[in-house]
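Breakdown of the fold
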Amino acid sequence: MEHNIKLIERHGQVPLLPILKSNAYGHGAPIVAAFLRSKGFSFLGVSSLEEALDILQITPTSLLVLAPPLPAQLPLFFQHHLLPTISSPELLAGVSQLAKERRQKITIHLKVDTGFGRLGIAPEGLLSLIKQIKKAPYLHLGGIFTHFSAASSDTAFTQRQLHTFLKLKKDVDALGGCDHVLWHAANSAAFLTLPSSHLDLVRIGTLLYGQSPLPQIPPWDLAETWQFKTRIIHIRTLPQGHSVGYGRVYRTKKPTRMGVIPVGYSHGLELEPLTTPWRQIKQALGQGLKGQNHVLHPQGPLPIIGRVGMGLTSVDLSQTPDVHVGDCVTVSMRRVTAGANIPRVYYLQGEMKCMFWNHEIYNQRGRKISSRGLF
Ligand SMILES: Cc1ncc(COP(=O)(O)O)c(C=O)c1O
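Quick caveat, the model's predicted, so the values are computed rather than measured.

Frequently, the measure chosen for interface size is the accessible area removed from exposure when the parts meet. Partitioning the protein into domains gives domain 1 (2–19 + 66–204) and domain 2 (228–337). Here domain 1 and domain 2 have C-alpha centroids that lie 44 Å from each other.

Let's shift gears to the sheet that holds strand E18 (residues 344–348). In any sheet, the strands associate via hydrogen bonds between backbone groups, in a parallel or an antiparallel arrangement. Here 4 strands make up an open sheet; going across it, the order is E18-E19-E20-E21 and the pairing antiparallel. Either end of the sheet is taken by a strand with one partner, and the two such strands are E18 and strand E21 (368–369). Sheet analysis places strand E19 (residues 351–357) next to strand E20 (residues 360–362), joined by 3 bridges and oriented antiparallel. Residue pairing across strands places Met355 opposite Tyr362, the latter belonging to E20. This element, helix H3 (residues 29–38), spans E18, E19 and E20 of the sheet and lies at about 135 degrees to E19.

The next subject is the site of the ligand. In the vicinity of the ligand, the contacting residues are Ile19, Lys21, Tyr25, His147, Asn187, Ser188, Arg203, Ile204, Gly205 and Thr206. Take Gly205: an N or O atom from its main chain is 2.8 Å from an oxygen atom of the ligand. One of the side-chain N or O atoms of Thr206 is found 2.5 Å from an oxygen atom in the ligand. In isolation the ligand exposes 390 Å². Once the protein is present, 87% of that is buried. Residue composition of the shell around the ligand, grouped by class: 3 nonpolar, 5 polar and 2 charged.

Take the sheet that holds strand E2 (residues 43–46) next. Here we have 6 strands laid out as an open sheet, ordered E2-E3-E4-E5-E6-E7, and parallel in their pairing. Among the strands making up the open sheet, the edge pair consists of E2 and strand E7 (182–184). Strand-to-strand twist in this sheet, taken as the mean axis angle between neighbours without regard to direction, amounts to 25 degrees. In this structure, strand E5 (residues 106–111) lies alongside strand E6 (residues 139–145), joined through 6 bridges in parallel fashion. Paired with Thr107 across the bridge in E6 is His140. Each of E2 and strand E3 (62–65) touches helix H4 (residues 49–58); the most contacted strand, E3, lies at about 165 degrees to it.

Tracing the backbone through its elements, the reader meets Ser332 in the loop between strand E17 (328–331) and E18. Residue class for Ser332 comes out partly exposed when judged on its relative accessible area of 43%. In this structure the C-alpha to C-alpha distance between Ser332 and Leu296, which are 36 residues apart in sequence, comes to 8.4 Å.

In this section: helix H8 (residues 155–175). An α-helix turns once every 3.6 residues. As a result, residues three or four positions apart point the same way. Given a rise of 1.5 Å per residue, 21 residues ought to cover 30 Å, and the 30 Å separating the end C-alpha atoms of H8 matches this to within 8%. Of all the positions in H8, only Thr158, Gln161, Leu162, Phe165, Leu168 and Val172 are classed as buried. One side of H8 holds all its buried residues, which, seen down the axis, span an arc of 120 degrees. Residues of H8 that are exposed and angled more than 90 degrees away from the buried face: Arg160, His163, Lys170 and Ala174. Looking at the buried positions of H8, the neighbouring elements they touch are helix H7 (126–135), E6 and E7. Among the residues trailing H8, Gly176 stands out with phi positive, at a value near 85 degrees.

What counts, and at which threshold
Residue positions are given per chain, counted from 1 along the sequence in the order it is written. Per-residue local features are limited, in this predicted model, to residues with pLDDT of at least 70; the limit for side-chain atom pairs, both in listing and counting, is 80 or more; totals at the level of whole chains, interfaces and linings are taken over all residues. Note: side-chain values were computed over all heavy atoms of the structure, leaving out hydrogens and water. Delimitation of the domains relies on an automatic or database domain assignment. The pairing criterion is simple: DSSP has to find at least two bridges between the two strands. Counting from the N terminus, the helices are the DSSP runs of H or I reaching at least four residues and the strands are the DSSP runs of E reaching at least two. Contact definition: two residues touch when any of their heavy atoms are within 4.5 Å. Inter-axis angles, ranging from 0 to 180 degrees, are taken between N-to-C directions of lines fitted to C-alpha atoms, where helices are fitted over the stretch in contact. Near, as used in this document, describes a residue that has one of its heavy atoms within 4 Å of the molecule or strand being considered. Think of a polar contact as two N or O atoms within 3.5 Å of one another; within protein, one of them needs to be a possible hydrogen donor and the other a possible acceptor, and neighboring residues in sequence only count if both atoms come from side chains. Note on areas: Shrake-Rupley with a 1.4 Å probe; residue coverage comes only from the protein chains shown. Under the grouping applied here, Gly and all other residues not named as nonpolar or charged are polar, the nonpolar ones being Ala, Val, Leu, Ile, Met, Phe, Trp, Tyr, Cys and Pro and the charged ones Asp, Glu, Lys and Arg. Burial classes: relative accessible area under 20% of the type maximum marks a residue as buried, over 50% as exposed, and values in between as partly exposed (1.4 Å probe, protein chains only). Every helix has an expected span of 1.5 Å times one less than the residues it contains. The arc in question is the one spanned by the directions pointing from the helix axis to the C-beta atoms.

Printed below as a string of C-alpha coordinates:
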(Lines give C-alpha, C1' and ligand atoms only; values in the text may rest on other atoms or scores of the structure.)
Protein backbone atom coordinates (compact mmCIF):
# COMPACT_ATOMS: atom_id res chain seq x y z
CA MET A 1 0.00 0.00 0.00
CA GLU A 2 2.90 2.32 0.78
CA HIS A 3 4.09 1.92 -2.81
CA ASN A 4 0.64 2.91 -4.11
CA ILE A 5 0.51 5.92 -1.78
CA LYS A 6 3.84 7.12 -3.20
CA LEU A 7 2.54 6.77 -6.77
CA ILE A 8 -0.62 8.69 -5.89
CA GLU A 9 1.32 11.45 -4.15
CA ARG A 10 3.68 11.75 -7.11
CA HIS A 11 0.77 12.15 -9.51
CA GLY A 12 -1.09 14.95 -7.74
CA GLN A 13 0.33 17.48 -5.31
CA VAL A 14 -2.86 17.68 -3.30
CA PRO A 15 -3.81 16.26 0.11
CA LEU A 16 -5.10 12.69 0.01
CA LEU A 17 -8.16 11.56 1.94
CA PRO A 18 -7.82 7.77 1.99
CA ILE A 19 -11.18 6.04 1.61
CA LEU A 20 -11.74 3.04 3.89
CA LYS A 21 -15.32 2.31 2.84
CA SER A 22 -16.61 -1.26 3.03
CA ASN A 23 -14.05 -2.42 5.58
CA ALA A 24 -11.25 -0.66 3.65
CA TYR A 25 -12.35 -2.38 0.44
CA GLY A 26 -12.22 -5.69 2.32
CA HIS A 27 -8.73 -5.22 3.79
CA GLY A 28 -9.93 -4.68 7.38
CA ALA A 29 -10.49 -0.98 8.11
CA PRO A 30 -9.10 -0.74 11.68
CA ILE A 31 -5.62 -2.04 10.80
CA VAL A 32 -5.50 -0.09 7.53
CA ALA A 33 -6.41 3.03 9.55
CA ALA A 34 -3.63 2.31 12.07
CA PHE A 35 -1.13 1.84 9.24
CA LEU A 36 -2.23 5.02 7.47
CA ARG A 37 -1.99 6.96 10.72
CA SER A 38 1.62 5.80 11.08
CA LYS A 39 2.21 7.28 7.62
CA GLY A 40 0.76 10.64 8.67
CA PHE A 41 -2.83 10.24 7.43
CA SER A 42 -5.10 11.19 10.31
CA PHE A 43 -8.19 12.15 8.29
CA LEU A 44 -9.96 9.21 6.63
CA GLY A 45 -13.26 8.53 4.86
CA VAL A 46 -15.57 5.65 5.82
CA SER A 47 -19.04 4.62 4.75
CA SER A 48 -20.94 4.26 8.00
CA LEU A 49 -21.10 4.99 11.71
CA GLU A 50 -20.49 1.31 12.47
CA GLU A 51 -17.30 1.33 10.44
CA ALA A 52 -16.14 4.51 12.13
CA LEU A 53 -16.68 3.01 15.60
CA ASP A 54 -14.79 -0.16 14.61
CA ILE A 55 -11.81 1.96 13.59
CA LEU A 56 -11.91 4.10 16.73
CA GLN A 57 -11.69 0.96 18.89
CA ILE A 58 -8.23 0.40 17.42
CA THR A 59 -6.89 3.79 16.44
CA PRO A 60 -7.84 7.41 17.19
CA THR A 61 -8.30 9.38 13.99
CA SER A 62 -10.56 11.94 12.37
CA LEU A 63 -13.28 10.30 10.28
CA LEU A 64 -15.60 11.68 7.61
CA VAL A 65 -18.61 9.38 7.35
CA LEU A 66 -19.59 9.52 3.70
CA ALA A 67 -23.21 8.36 4.02
CA PRO A 68 -25.64 10.61 5.91
CA PRO A 69 -26.53 9.41 9.43
CA LEU A 70 -30.00 8.45 10.57
CA PRO A 71 -31.33 11.01 13.09
CA ALA A 72 -31.09 8.40 15.87
CA GLN A 73 -27.35 7.99 15.21
CA LEU A 74 -26.52 11.68 15.62
CA PRO A 75 -25.65 11.60 19.34
CA LEU A 76 -22.86 9.09 18.60
CA PHE A 77 -21.40 11.51 16.02
CA PHE A 78 -21.10 14.14 18.75
CA GLN A 79 -19.83 11.65 21.33
CA HIS A 80 -17.04 10.36 19.05
CA HIS A 81 -16.31 13.64 17.23
CA LEU A 82 -17.17 12.12 13.85
CA LEU A 83 -17.73 14.34 10.81
CA PRO A 84 -21.17 13.67 9.30
CA THR A 85 -22.11 14.11 5.67
CA ILE A 86 -25.14 16.37 5.40
CA SER A 87 -27.24 15.63 2.35
CA SER A 88 -30.59 17.28 3.09
CA PRO A 89 -32.00 20.41 4.77
CA GLU A 90 -33.87 18.17 7.26
CA LEU A 91 -30.66 16.51 8.39
CA LEU A 92 -28.97 19.88 8.74
CA ALA A 93 -31.83 21.06 10.94
CA GLY A 94 -31.51 17.91 13.10
CA VAL A 95 -27.75 18.31 13.58
CA SER A 96 -28.08 22.02 14.29
CA GLN A 97 -30.79 21.43 16.92
CA LEU A 98 -28.80 18.71 18.69
CA ALA A 99 -25.60 20.78 18.63
CA LYS A 100 -27.50 23.62 20.29
CA GLU A 101 -29.00 21.32 22.95
CA ARG A 102 -25.60 19.78 23.73
CA ARG A 103 -23.77 23.11 23.37
CA GLN A 104 -21.21 21.17 21.37
CA LYS A 105 -19.59 22.28 18.14
CA ILE A 106 -19.58 19.79 15.26
CA THR A 107 -17.75 19.88 11.93
CA ILE A 108 -19.89 18.86 8.97
CA HIS A 109 -19.36 18.30 5.24
CA LEU A 110 -22.15 19.11 2.79
CA LYS A 111 -22.70 16.75 -0.12
CA VAL A 112 -24.04 18.25 -3.33
CA ASP A 113 -25.60 16.18 -6.09
CA THR A 114 -24.12 17.50 -9.34
CA GLY A 115 -25.48 14.59 -11.38
CA PHE A 116 -24.97 11.30 -9.56
CA GLY A 117 -28.67 11.07 -8.73
CA ARG A 118 -28.31 9.41 -5.35
CA LEU A 119 -27.27 11.33 -2.25
CA GLY A 120 -26.86 15.06 -1.97
CA ILE A 121 -28.37 18.51 -1.86
CA ALA A 122 -29.65 19.88 -5.17
CA PRO A 123 -27.21 22.59 -6.40
CA GLU A 124 -29.89 25.28 -6.21
CA GLY A 125 -30.42 24.56 -2.49
CA LEU A 126 -26.77 24.93 -1.43
CA LEU A 127 -26.51 28.69 -0.85
CA SER A 128 -29.48 28.86 1.49
CA LEU A 129 -28.07 25.98 3.58
CA ILE A 130 -24.72 27.73 3.84
CA LYS A 131 -26.44 30.89 5.03
CA GLN A 132 -28.18 28.81 7.74
CA ILE A 133 -24.87 27.20 8.79
CA LYS A 134 -23.23 30.60 9.10
CA LYS A 135 -25.93 31.66 11.54
CA ALA A 136 -25.66 28.44 13.61
CA PRO A 137 -23.08 28.96 16.39
CA TYR A 138 -22.37 25.26 16.89
CA LEU A 139 -21.97 24.23 13.25
CA HIS A 140 -18.60 24.35 11.56
CA LEU A 141 -18.61 23.83 7.80
CA GLY A 142 -15.49 21.74 7.16
CA GLY A 143 -16.12 20.81 3.56
CA ILE A 144 -18.36 20.70 0.54
CA PHE A 145 -18.15 17.75 -1.80
CA THR A 146 -19.69 15.98 -4.74
CA HIS A 147 -19.26 12.51 -6.21
CA PHE A 148 -18.75 11.59 -9.87
CA SER A 149 -20.92 8.87 -11.34
CA ALA A 150 -18.95 7.98 -14.48
CA ALA A 151 -15.42 9.33 -14.11
CA SER A 152 -13.93 6.17 -15.63
CA SER A 153 -16.19 6.10 -18.68
CA ASP A 154 -17.79 9.47 -19.50
CA THR A 155 -15.36 12.40 -19.38
CA ALA A 156 -17.86 14.85 -20.89
CA PHE A 157 -20.44 14.14 -18.16
CA THR A 158 -17.76 14.26 -15.44
CA GLN A 159 -16.65 17.64 -16.75
CA ARG A 160 -20.27 18.86 -16.62
CA GLN A 161 -20.52 17.68 -12.99
CA LEU A 162 -17.26 19.47 -12.19
CA HIS A 163 -18.42 22.62 -13.98
CA THR A 164 -21.61 22.70 -11.86
CA PHE A 165 -19.51 22.19 -8.71
CA LEU A 166 -17.02 24.95 -9.61
CA LYS A 167 -19.85 27.36 -10.40
CA LEU A 168 -21.24 26.67 -6.91
CA LYS A 169 -17.80 27.30 -5.45
CA LYS A 170 -17.72 30.71 -7.13
CA ASP A 171 -21.16 31.56 -5.69
CA VAL A 172 -20.15 30.39 -2.21
CA ASP A 173 -16.84 32.31 -2.39
CA ALA A 174 -18.84 35.42 -3.30
CA LEU A 175 -20.83 35.05 -0.05
CA GLY A 176 -17.56 35.38 1.87
CA GLY A 177 -16.47 33.72 5.09
CA CYS A 178 -15.92 30.26 3.58
CA ASP A 179 -12.18 30.39 2.79
CA HIS A 180 -11.41 27.56 5.21
CA VAL A 181 -13.91 25.15 3.59
CA LEU A 182 -12.40 22.11 1.82
CA TRP A 183 -13.86 21.52 -1.63
CA HIS A 184 -13.46 17.95 -2.83
CA ALA A 185 -14.73 15.89 -5.73
CA ALA A 186 -12.15 13.50 -7.23
CA ASN A 187 -12.26 9.74 -6.75
CA SER A 188 -9.56 7.49 -8.25
CA ALA A 189 -10.83 7.73 -11.84
CA ALA A 190 -11.23 11.51 -11.81
CA PHE A 191 -7.86 11.84 -10.08
CA LEU A 192 -6.30 10.15 -13.11
CA THR A 193 -8.39 11.61 -15.91
CA LEU A 194 -9.36 15.11 -14.77
CA PRO A 195 -6.60 17.03 -12.92
CA SER A 196 -8.84 20.12 -12.64
CA SER A 197 -11.03 18.09 -10.25
CA HIS A 198 -8.26 17.73 -7.62
CA LEU A 199 -9.27 20.93 -5.76
CA ASP A 200 -8.47 20.92 -1.99
CA LEU A 201 -8.18 17.14 -1.52
CA VAL A 202 -8.75 13.91 -3.41
CA ARG A 203 -10.77 10.97 -2.03
CA ILE A 204 -8.94 7.85 -3.13
CA GLY A 205 -9.85 4.22 -2.56
CA THR A 206 -9.37 2.00 -5.61
CA LEU A 207 -5.81 3.17 -6.44
CA LEU A 208 -4.74 2.88 -2.82
CA TYR A 209 -5.59 -0.81 -2.87
CA GLY A 210 -3.67 -1.45 -6.09
CA GLN A 211 -6.48 -1.55 -8.63
CA SER A 212 -7.05 0.63 -11.65
CA PRO A 213 -10.43 2.34 -11.97
CA LEU A 214 -9.91 2.73 -15.70
CA PRO A 215 -10.94 0.12 -18.25
CA GLN A 216 -7.49 -0.03 -19.80
CA ILE A 217 -4.36 -1.46 -18.21
CA PRO A 218 -3.33 0.74 -15.22
CA PRO A 219 -1.08 3.65 -16.08
CA TRP A 220 1.25 2.80 -13.22
CA ASP A 221 2.90 -0.18 -11.67
CA LEU A 222 0.41 -0.47 -8.78
CA ALA A 223 1.13 -3.02 -6.06
CA GLU A 224 -1.52 -5.67 -5.34
CA THR A 225 -2.48 -5.36 -1.68
CA TRP A 226 -4.71 -8.39 -1.30
CA GLN A 227 -4.73 -12.17 -1.56
CA PHE A 228 -7.24 -14.68 -0.25
CA LYS A 229 -5.64 -17.87 1.04
CA THR A 230 -7.05 -21.00 2.58
CA ARG A 231 -5.96 -24.59 3.17
CA ILE A 232 -7.02 -27.98 1.85
CA ILE A 233 -8.91 -29.59 4.74
CA HIS A 234 -9.79 -32.97 3.26
CA ILE A 235 -8.64 -35.29 0.45
CA ARG A 236 -10.21 -38.47 -0.90
CA THR A 237 -10.52 -40.46 -4.13
CA LEU A 238 -13.96 -40.88 -5.66
CA PRO A 239 -14.77 -43.75 -8.06
CA GLN A 240 -15.73 -43.12 -11.68
CA GLY A 241 -19.31 -41.82 -12.11
CA HIS A 242 -19.56 -40.41 -8.56
CA SER A 243 -21.38 -37.08 -8.26
CA VAL A 244 -19.76 -34.14 -6.44
CA GLY A 245 -21.66 -31.60 -4.34
CA TYR A 246 -25.16 -30.11 -4.29
CA GLY A 247 -27.43 -30.70 -7.25
CA ARG A 248 -25.16 -33.52 -8.57
CA VAL A 249 -24.20 -31.24 -11.47
CA TYR A 250 -20.70 -32.79 -11.75
CA ARG A 251 -19.79 -36.46 -12.12
CA THR A 252 -16.30 -37.93 -12.18
CA LYS A 253 -15.28 -39.32 -15.56
CA LYS A 254 -12.66 -41.58 -13.98
CA PRO A 255 -11.49 -42.37 -10.43
CA THR A 256 -10.72 -38.85 -9.17
CA ARG A 257 -8.59 -37.62 -6.31
CA MET A 258 -10.36 -34.56 -4.96
CA GLY A 259 -9.78 -32.06 -2.18
CA VAL A 260 -12.05 -29.77 -0.16
CA ILE A 261 -11.44 -26.14 0.85
CA PRO A 262 -13.45 -24.50 3.68
CA VAL A 263 -14.59 -21.60 1.52
CA GLY A 264 -17.90 -21.08 -0.27
CA TYR A 265 -20.31 -18.44 -1.46
CA SER A 266 -20.94 -17.26 2.11
CA HIS A 267 -17.30 -16.07 2.10
CA GLY A 268 -17.63 -14.41 -1.31
CA LEU A 269 -16.37 -17.19 -3.60
CA GLU A 270 -17.71 -16.93 -7.17
CA LEU A 271 -18.53 -13.28 -6.64
CA GLU A 272 -15.42 -12.13 -8.47
CA PRO A 273 -16.32 -8.90 -10.30
CA LEU A 274 -15.73 -8.57 -14.01
CA THR A 275 -14.33 -5.09 -13.55
CA THR A 276 -12.46 -4.32 -16.72
CA PRO A 277 -12.95 -5.51 -20.29
CA TRP A 278 -9.40 -6.87 -20.22
CA ARG A 279 -10.19 -8.98 -17.13
CA GLN A 280 -13.47 -10.07 -18.64
CA ILE A 281 -11.70 -11.29 -21.77
CA LYS A 282 -9.04 -13.03 -19.69
CA GLN A 283 -11.65 -14.76 -17.51
CA ALA A 284 -13.83 -15.73 -20.46
CA LEU A 285 -10.80 -17.15 -22.29
CA GLY A 286 -9.63 -18.97 -19.17
CA GLN A 287 -13.03 -20.47 -18.59
CA GLY A 288 -13.50 -21.29 -22.28
CA LEU A 289 -10.22 -23.18 -22.41
CA LYS A 290 -10.56 -24.98 -19.12
CA GLY A 291 -14.35 -25.04 -18.86
CA GLN A 292 -14.20 -24.12 -15.15
CA ASN A 293 -12.71 -21.92 -12.44
CA HIS A 294 -9.81 -22.99 -10.31
CA VAL A 295 -7.88 -22.19 -7.14
CA LEU A 296 -4.09 -21.88 -7.24
CA HIS A 297 -1.64 -24.27 -5.56
CA PRO A 298 2.16 -24.00 -5.96
CA GLN A 299 1.93 -27.29 -7.94
CA GLY A 300 -0.55 -25.72 -10.40
CA PRO A 301 -4.22 -24.75 -10.78
CA LEU A 302 -6.78 -26.96 -9.03
CA PRO A 303 -10.07 -26.91 -10.99
CA ILE A 304 -13.22 -26.36 -8.94
CA ILE A 305 -15.60 -29.28 -9.45
CA GLY A 306 -19.31 -29.33 -8.63
CA ARG A 307 -21.24 -26.40 -7.23
CA VAL A 308 -19.60 -24.00 -4.82
CA GLY A 309 -21.36 -24.63 -1.50
CA MET A 310 -22.17 -22.20 1.28
CA GLY A 311 -18.94 -22.93 3.13
CA LEU A 312 -17.19 -25.77 1.27
CA THR A 313 -15.89 -26.24 -2.26
CA SER A 314 -14.35 -29.27 -4.00
CA VAL A 315 -11.31 -29.19 -6.26
CA ASP A 316 -9.86 -31.75 -8.66
CA LEU A 317 -6.39 -33.00 -7.67
CA SER A 318 -5.93 -35.57 -10.43
CA GLN A 319 -3.27 -33.52 -12.24
CA THR A 320 -1.45 -32.53 -9.03
CA PRO A 321 -0.57 -35.64 -6.98
CA ASP A 322 1.74 -33.69 -4.69
CA VAL A 323 -1.08 -31.79 -2.95
CA HIS A 324 -1.71 -32.65 0.71
CA VAL A 325 -4.13 -31.84 3.53
CA GLY A 326 -3.01 -28.54 5.09
CA ASP A 327 -1.53 -27.14 1.86
CA CYS A 328 -2.20 -23.48 1.21
CA VAL A 329 -4.13 -22.40 -1.91
CA THR A 330 -4.93 -18.97 -3.31
CA VAL A 331 -8.55 -18.28 -4.15
CA SER A 332 -9.71 -15.62 -6.59
CA MET A 333 -12.33 -13.65 -4.72
CA ARG A 334 -13.93 -10.23 -4.69
CA ARG A 335 -12.23 -8.38 -1.83
CA VAL A 336 -15.13 -6.15 -0.73
CA THR A 337 -17.48 -9.10 -0.33
CA ALA A 338 -15.01 -11.25 1.61
CA GLY A 339 -16.78 -11.62 5.00
CA ALA A 340 -15.58 -9.27 7.76
CA ASN A 341 -15.25 -12.25 10.16
CA ILE A 342 -12.57 -13.90 8.02
CA PRO A 343 -9.18 -13.28 9.70
CA ARG A 344 -6.98 -10.74 7.91
CA VAL A 345 -3.23 -11.30 8.04
CA TYR A 346 -0.99 -8.28 7.39
CA TYR A 347 2.49 -8.31 5.89
CA LEU A 348 4.96 -5.45 5.82
CA GLN A 349 7.99 -5.77 3.55
CA GLY A 350 7.33 -9.49 3.23
CA GLU A 351 7.12 -10.12 6.98
CA MET A 352 3.95 -10.98 8.85
CA LYS A 353 3.06 -8.03 11.04
CA CYS A 354 -0.19 -9.10 12.70
CA MET A 355 -3.54 -10.76 12.28
CA PHE A 356 -6.90 -9.03 12.80
CA TRP A 357 -9.94 -11.10 13.68
CA ASN A 358 -13.15 -10.43 15.55
CA HIS A 359 -12.09 -6.89 16.59
CA GLU A 360 -8.81 -8.13 18.10
CA ILE A 361 -5.19 -7.91 16.94
CA TYR A 362 -2.86 -10.91 17.29
CA ASN A 363 0.91 -11.17 16.84
CA GLN A 364 2.81 -13.88 14.92
CA ARG A 365 2.58 -16.21 17.91
CA GLY A 366 -1.19 -15.83 18.19
CA ARG A 367 -1.07 -13.57 21.29
CA LYS A 368 -3.53 -10.69 21.59
CA ILE A 369 -1.76 -7.34 21.28
CA SER A 370 -2.75 -3.67 21.22
CA SER A 371 -2.33 -1.39 18.23
CA ARG A 372 0.18 0.76 20.12
CA GLY A 373 3.52 0.75 18.32
CA LEU A 374 2.23 -1.73 15.74
CA PHE A 375 3.49 0.30 12.78
C1 LIG B 1 -18.05 9.55 -1.83
C2 LIG B 1 -16.91 8.71 -2.30
N3 LIG B 1 -15.72 9.30 -2.55
C4 LIG B 1 -14.66 8.60 -2.95
C5 LIG B 1 -14.73 7.24 -3.15
C6 LIG B 1 -13.49 6.49 -3.62
O7 LIG B 1 -13.66 6.04 -4.92
P8 LIG B 1 -12.51 5.21 -5.65
O9 LIG B 1 -12.51 3.87 -5.06
O10 LIG B 1 -12.95 5.21 -7.07
O11 LIG B 1 -11.25 5.95 -5.44
C12 LIG B 1 -15.94 6.59 -2.94
C13 LIG B 1 -16.04 5.14 -3.15
O14 LIG B 1 -17.01 4.57 -3.46
C15 LIG B 1 -17.05 7.34 -2.49
O16 LIG B 1 -18.24 6.78 -2.26
